[in-house]
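Next come the chains, spelled out residue by residue.
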Amino acid sequence: MNWQSDFNTIEVSFAPTLEAWYEYHKRDLPWRHTRDPYLIWLSEIILQQTRVAQGKPYYERFVEAYPTVANMAAADERELLRLWQGLGYYSRARNLHQTARYVTKDLDGKFPDTYSELLKMKGVGAYTAAAIASFAFGERVPVVDGNVYRVLARVFGIEEDITTTGAKKTFSALATRLIQSAHDPATYNQAIMEFGAIQCTPVSPDCLLCPLQQQCAAYLTGRQHLLPVKAKKAPVRERFFNYFIFRIDGKMAMRERTDKDIWQNLHDFCLVETDEPKALLRTIPLPESVEKLVERSILVEPPVTLTQLLSHQRIRATFYLMDVTEGDLNSLPVGLNWYTYKEISQLPKPVIITNYFGDLLG
DNA sequence: AAATCGGGGAG
DNA sequence: CTCCCAGATTT
């Protein structure tokens with residue numbers, strides 16, 4: 001047996017081995033009890049870059065609120081964002097809504113049933129299209145997610161930087177070969193991701209009880225902890241937010257974020273961003289409309305500073321709670337509107353805003 | 001090809 | 001602290 005046929009033997013046994021492992025080790029997760037493409041799509045969007053433990057309660061709430069794609073299409077986008085609040089990557093919620101309407105209106109409620117048609121939906125890329133196509137329709141297309149990168153890099157000893165375009169092609173090509181030997185494409189795709197999530201984990205993988213131990217290039221050379229190779233991320237950008245919370249008669253001034261920036265379509269307060277931290281209110285350069293409002297307001301408590309860490313940014317926000325004492329309530333700076341506390345509790349807001357409110361307003 | 005988009009949990 | 005999670009889209 002030469003090296004070529006030996007290599008092919010590993011490729012052919014790979015999928016059946018994982019499928020067998022999966023039948024014994026799989027977790028009982030809610031989206032594994034359905035083949036409804038709508039529910040599978042919903043679960044996959046929620047789980048993008050999101051751990052199962054974090055996404056699961058959101059999935060339950062969304063299924064309860066919108067049992068069908070038509071229900072979701074009929075909903076208000078703000079309602080979806082409110083349900084999505086705290087999960088991050090809010091474009092997912094906006095795309096969810098847009099795609100629900102696309103399926104309901106343009107496709108007459110019939111969910112796309114092939115990889116290439118699924119790929120046309122907003123928010124559905126190569127991974128999600130493959131997941132829905134295989135889980136709901138049995139199509140033989142491989143999922144390639146973070147788990148798959150890790151498992152394949154280790155078992156096959158691939159040292160390419162997984163953040164590059166070339167690696168994406170390498171791993172996809174290998175994954176396409178491997179799924180050909182699967183007994184069932186849906187089971188195999190579930191299996192390799194589950195295997196990455198609970199056996200071949202990023203830190204301290206359970207190699208001693210691994211069914212692929214003697215076929216794993218990384219284990220056989222003691223390089224588990226070195227694979228996959230991944231370029232380091234750029235350092236996070238520091239940002240300083242100065243929030244003015246204008247308050248009067250049980251209302252607060254808030255605005256919907258519409259700039260091409262974080263937290264699009266979520267609601268926050270009057271924001272003045274500075275390029276350095278400002279400990280004193282009078283040192284913050286204010287736009288004229290804000291300055292005029294500040295002048296007829298009084299600071300009702302010492303400013304509170306909170307920090308929110310994002311993937312690429314560290315937000316340090318200082319909150320100035322201001323009671324407006326006089327003047328025309330109809331003349332707020334552009335974009336701001338008065339909201340009652342009850343209304344505010346229903347608005348989708350960034351986590352740092354809900355943290356500021358504490359238990360007062362969700 | 002590189003940057004951007006959240007938030008949380010594990011170690 | 002660092003890493004990374006059932007990635008996609010924009011620049």
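Residues numbered from 1 in each chain as written. Chains lettered and ligands numbered in written order. Predicted model: local features only at pLDDT ≥ 70, side-chain atom pairs only at ≥ 80, totals over all residues. Heavy atoms only, no water.

The name that an unreviewed UniProt entry assigns to chain A is Adenine DNA glycosylase, with the source organism given as Spirosoma profusum. UniProt lists a comment for chain A under the heading Sequence similarities (unreviewed entry), and it reads "Belongs to the Nth/MutY family." UniProt's Catalytic activity (unreviewed entry) comment on chain A is quoted here verbatim: "Hydrolyzes free adenine bases from 7,8-dihydro-8-oxoguanine:adenine mismatched double-stranded DNA, leaving an apurinic site." (UniProt positions renumbered as here; feature names shortened; annotations may be inferred.)

Caption draft 1: Representation of the overall build of chain A in the model. Across its full length, chain A holds 15 helices and eight strands. Along the longest, intermediate and shortest principal axes, the C-alpha atoms of chain A span 90 × 50 × 30 Å. Here chain A, with 362 residues, has 47% of them falling under the buried criterion. Taking the contacts inside chain A whose residues are at least 6 apart along the sequence as the reference set, 68% of them involve residues at least 24 apart. Working note: accessible area of chain A is about 18,500 Å², and carbon and sulfur atoms make up 52% of it. Counting 41 positive and 42 negative side-chain charges, chain A places the averaged centre of each group 2 Å from the other. (Helix = DSSP H or I, 4+ residues; strand = E, 2+ residues; numbered from the N terminus. Buried < 20%, exposed > 50% of the residue type's maximum accessible area, 1.4 Å probe, protein only. Contact = heavy atoms within 4.5 Å. Areas by Shrake-Rupley, 256 points an atom, 1.4 Å probe, with all protein chains shown as cover. Lys, Arg positive; Asp, Glu negative; His and termini not counted. Charge placed at Lys NZ, Arg CZ, Asp CG, Glu CD.)

Caption draft 2: Layout of the environment of Arg94. With respect to the element layout, Arg94 can be found in helix H6 (residues 91-106). Sequence separation between Arg94 and Ala186 is 92 residues, and the spatial gap between their C-alpha atoms is 28 Å. Each residue touching Arg94, except ones within four places of it in the same chain, is listed here: Glu77, Leu81, Gln264 and Asn265.

Caption draft 3: Geometry of the pairing of strand E6 (residues 304-309). Where E6 lies against strand E7 (residues 313-324), six bridges are found, and the strand directions are antiparallel. Counterpart to Leu306 in the pairing with E7 is Ala317. (Pairing = 2+ DSSP bridges.)

Caption draft 4: Molecular detail of unusual backbone geometry. Of the consecutive residues Leu227 and Pro228, the connecting peptide bond is found in the cis state with omega at 0°. In this fold, Pro228 is placed in the loop between helix H12 (217-220) and strand E1 (237-248). One non-glycine residue with positive phi stands out, namely Trp263, at about 60°. The topology assignment puts Trp263 in the loop between strand E2 (251-256) and strand E3 (267-268). A positive phi is found at Asn265, a non-glycine position, where the angle reads about 70°. Its location among the elements puts Asn265 in the loop between E2 and E3. Take Asn265: its relative accessible area is 17%, and that puts it in the buried class.

Caption draft 5: Structural detail: the side chain of Thr50. Assignment of secondary structure puts Thr50 in the loop between helix H2 (37-47) and helix H3 (52-65). Residue Thr50 is classed as buried on the basis of its relative accessible area, which comes to 10%. A polar contact is formed between the side chain of Thr50 and the backbone oxygen of Gln48, at a distance of 2.8 Å. Non-local contacts of Thr50, meaning those with residues more than four positions away in its chain, are made with Gly55, Leu87 and Arg92. (Polar contact = N/O pair within 3.5 Å; in protein donor to acceptor, adjacent residues only side chain to side chain.)

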